[in-house]
Amino acid sequence: MGQMSRRLRTALLSLRDLLVSAGPLALLGAGLVLLAYWWLNPTPPRTVTLATGPAQSAYEAFGQRYRDALAASGINVVLLPSDGSSSNLQLLRDGHADLAFVQGGTGELRPEDSDELVSLGSLFVEPIWLFYRGDVARRIHRSARLEGLHQLRGLRVNVGSPGSGVPTLMERLLDANHIPLDALTLTRLEQTPATVAFLAGRLDALVFASAPESLMVQMLLQTPGVQLMHFPQNEAYSRRFPFLTPVVLPRGVVDLAANVPPRDVRLVASTTSLLAREGTHPALLQLFAQSAQGIHGNAGWFNRAREFPSTRHAELPIAKEGERAINEPAPLMQRYLPFWIANLVERMWLVLGILIAIMLPLWRVVPPLYQFRVRSRVFRWYGHLRDIEDDMERGEATPDALRERLDRMEAQVEKVSVPLSYADELYALRNHIQLVRRRLPRAAG
C-alpha cells in the first residue's frame, strides 16, 4: 500500500512539474487562438434577412429557393417582402436587409453605395413585360399588335408601384420616345391588384419587370386577348441605355403544343443582381454565391446553361466570395465536410499555421524547464550538504551536531520523489551524504 502511495505521489508530482513547465505556454497558445477566433469571427450568424419582392413575383420564388438551399447548412433565411427593386435597394441602405435582389437601371446608385454594398454577381435577366389588351389596340390603332411605346398615347397604363423601380425606368424610356407623361393615364398599382384591374378591363396596358419564372408572367402569356409588346428596336434601346440587354422570347417557348407565343418577340431586359451589405458575414456571402450556381445556372428562356451567375453587367464591386464561386470550383473541404466544419477550417487554417510556426520554437523550452524543475528538487540539497561540509572543515560545530544535521537532511531527502529517469541523481545525493558522514570521525580525531 505504501509503495503504491509513493508511486502515485511521484506520478502526481511529475504531472505537476509538467503542467507548471508547459502550462504558461499552453495558456499563451490558447489565448492566441481565442484572439484569432474573435478577430476572424469564422462562425456566421444563424439568421440572415433577404429582401425579395411582391407576392407571386419571381423575386419571392427565388427567395424561397435560397431559403431552402441555405436551410441545409443550418442557416435561417428570413424573407422580407417589398415593393420591388428600388425598395430593396433602400432596405439595404437602411440596414433592414442583409441581402436583396436589385435590378439594374431601376434605382439611382449613390457614390457611397460602392463602399457600403457589394454584388454577388448577375443572376438573371428581367425583361420589360408590357402586356396590353388586344381589343383596345384594335379599336385605337386598327391592329391588335403594338410595336412601339409611342402607340401607348391615350391608354390607361399601370407602370407598377414606386418601390419596384419600374416607374423610374418607364419614365426614361417614354422620355426617349418623346412621350410626355400626361399623354398617358398612368397608375402605380402593385402587381397583383393591377393584374386584376387589367383583366377586368379597367386598365389597357400593364408594365412590370420580372424573370419569366414569375407566375404572373406565365399566366398573362397564355391568357386569350392579352398581347405582349414587341420591341423591334431592342438593339437601339440597349445602345441608348447600357443597363438594358436585347433579348428574344422564342416562338413556342411558353407552350410548344399551343405555339405560345406565335412568333419571336423582341424585348429589352435589365439584369438583376444579388447585392449585400459590406458587413455581411463572408461565410454567408459564400453560401449565397454557391447556392446561386444551382438556382440560376440552368438554361432558361433568355440564357444558355451556366451563363448565369455572371460578373458582367455589375454596377457595384463584385465581392471576392462571388468571384470565387463564379470562376472557381467549390472548395475541396466543402465537398466532403459539413459546412460549419469546413468553414471553420478554411477561415482559421492560415492563422493556426502562423500560430504553430510561432509556438513550435517556444515548445523547445518546455523539456529543459521540466528537467530543471525535477533536478532542482535534488540539487538544492547539495547546498545544505556543502554548508555541513564547510562547517566541518572550519571546526565551527561538533561532530555530534554535524551528524544530527546530516540525519535530519537524510530523513528529508528520503521523502523526495522524482521520476524513475532521474532516480540516479537522487541516489547519488544519498551516496554523497554518506561520504560526508564517513568523514565525520576523522574530522573529530
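The structure under discussion appears in the preceding block.
Residues numbered from 1 in each chain as written. Predicted model: local features only at pLDDT ≥ 70, side-chain atom pairs only at ≥ 80, totals over all residues. Heavy atoms only, no water.

Draft legend 1. Geometry of the overall build of the protein. Per the secondary structure count, the protein includes 16 helices and 10 strands. Residues counted as buried form 46% of the 445 residues belonging to the protein. (Helix = DSSP H or I, 4+ residues; strand = E, 2+ residues; numbered from the N terminus. Buried < 20%, exposed > 50% of the residue type's maximum accessible area, 1.4 Å probe, protein only.)

Draft legend 2. Region of interest: the environment of V265. With respect to the helices and strands, the residue V265 is situated in strand 10 (residues 265–277). A residue is classified by how much of its surface remains accessible, and V265, at 7% relative accessible area, is buried. As for V265 and F231, which are separated by 34 residues in sequence, their C-alpha atoms are 7.4 Å apart. What V265 contacts, discounting residues up to four positions off in sequence, is L228, M229, H230, V247, V248 and L249. (Contact = heavy atoms within 4.5 Å.)

Draft legend 3. Seen up close, a nonpolar patch on the surface. Side chains of V365, L369 and F372 sit close together on the surface and give an oily, nonpolar patch of about 290 Å² of accessible area. Relative to the helices and strands, L369 resides in helix 14 (residues 366–394). (Patch = residues over 30% accessible without salt bridge, like charges linked within 9 Å, V, L, I, M, F, W, Y side chains within 5 Å. Areas by Shrake-Rupley, 256 points an atom, 1.4 Å probe, with all protein chains shown as cover. Salt bridge = Lys/Arg side-chain N within 4 Å of Asp/Glu carboxyl O.)

Draft legend 4. Inspection of the pairing of strand 7 (residues 205–209) at higher detail. With five of five residues buried, strand 7 lies mostly within the body of the structure. Sheet topology places strand 4 (residues 117–133) next to strand 7; five bridges connect them, and they run antiparallel. By the bridge assignment for strand 7, Y132 is matched with A205. Relative to strand 7, strand 5 (residues 156–158) runs parallel, the two sharing two bridges. Bridged to N158 within strand 7 is L206. (Pairing = 2+ DSSP bridges.)

Draft legend 5. Representation of the pattern of salt bridges in the model. Inspection of the entire model under this criterion finds 14 salt bridges. Two residues, D400 and R403, come together in a salt bridge whose shortest N-O distance is 3.1 Å. You can see D400 and its partner R403 sitting in helix 15 (residues 399–413), three residues apart, about one turn around the helix. Classification of D400 as exposed rests on a relative accessible area of 56%.

Draft legend 6. Seen up close, the pairing of strand 10. Across the 13 residues that make up strand 10, a large majority, 11, are buried. When strand 3 (residues 99–103) meets strand 10, the two strands line up antiparallel, connected through five bridges. If you follow V102 over to strand 10, its bridge partner there is S273. Bridge count between strand 4 and strand 10: eight bridges; the pairing is antiparallel.

Draft legend 7. The environment of I318, seen in detail. Here I318 shows up in the loop between helix 10 (282–296) and helix 11 (320–327). Once the C-alpha coordinates of I318 and S119 are considered, the two residues, 199 residues apart in sequence, prove to be 4.7 Å apart. For I318, the contacting residues outside a window of four places in its chain are S119, G121, T311 and E323.

Draft legend 8. Inspection of the packing of aromatic side chains at higher detail. Enumeration over the complete set of coordinates arrives at nine aromatic pairs. By the ring-pair criterion, three or more aromatic residues cluster together here, those being Y59, F62, Y66, F101, F124 and F288. (Phe/Tyr/Trp six-rings, centres within 6.5 Å; stacked < 30°, edge-to-face > 60°.)

Draft legend 9. Focus on the environment of V374. Mapped onto the elements, V374 comes out in helix 14. Sequence separation between V374 and P419 is 45 residues, and the spatial gap between their C-alpha atoms is 8.0 Å.

Draft legend 10. Molecular detail of empty space enclosed by the protein. With the rule as written, the count across this model stands at two cavities of 30 Å³ or more. Computed from the structure, the largest cavity encloses a volume of approximately 230 Å³. Contributing to the lining of the largest cavity are 24 residues, with P54, D83, S164, Q191 and A209 lying nearest its centre. Elements represented by at least two residues in the lining of the largest cavity include exactly helix 2 (58–71), helix 7 (191–199) and strand 7. Counting residues per element, the lining of the largest cavity draws most heavily on strand 7, at four residues. The residue makeup of the lining of the largest cavity, split by class, is 11 nonpolar, 10 polar and three charged. (1 Å grid on protein atoms, 1.4 Å probe; cavity = no way out; pocket = protein on both sides within 12 Å on 5 of 7 lines; lining within 4 Å. Points joined across faces, edges and corners; volume = space filled by probe spheres on them. Nonpolar A, V, L, I, M, F, W, Y, C, P; charged D, E, K, R; others polar.)

Draft legend 11. Seen up close, the nonpolar core. W129, F131, L149, L221, L249 and L267 are the most contacted members of the largest nonpolar core, which totals 53 residues. Among the elements that take part in this core, strand 4 stands out by supplying six residues, more than any other. Formed by 28 residues, the second largest nonpolar core is a distinct cluster that contains F62, Y66, V77 and A292. (Core = buried A, V, L, I, M, F, W, Y, C linked by side-chain atoms within 4.5 Å.)

Draft legend 12. Region of interest: the side chain of T52. Relative to the assigned elements, T52 resides in the loop between strand 1 (47–51) and helix 2. The exposure class assigned to T52 is buried, which follows from its relative accessible area of 2%. With sequence-adjacent residues up to four places away left out, T52 is seen in contact with Y59, E60, G63, L79, L80, P81, S82, N88 and F101.

Draft legend 13. Structural context of the packing of helix 10 against helix 11. In contact at an axis separation of 8 Å, helix 10 and helix 11 are set at 30° when each is read in the N-to-C sense. Viewed along their axes, helix 10 and helix 11 adopt a mutual orientation that is roughly parallel. Considering how the two elements wind past one another, helix 10 and helix 11 form a crossing that is right-handed. In this structure, helix 10 uses P282, L285, Q286, A289, Q290 and Q293 to contact helix 11, whose residues at the interface are E321, G322, A325 and I326. Looking at the contact of helix 10 with helix 11, its residues break down into five nonpolar, four polar and one charged. (Axes fitted to C-alpha atoms, helices over the stretch in contact; angles between N-to-C directions. Parallel < 35°, antiparallel > 145°, perpendicular 65-115°, else oblique. Left-handed = near helix turned anticlockwise from the far one by under 90°.)

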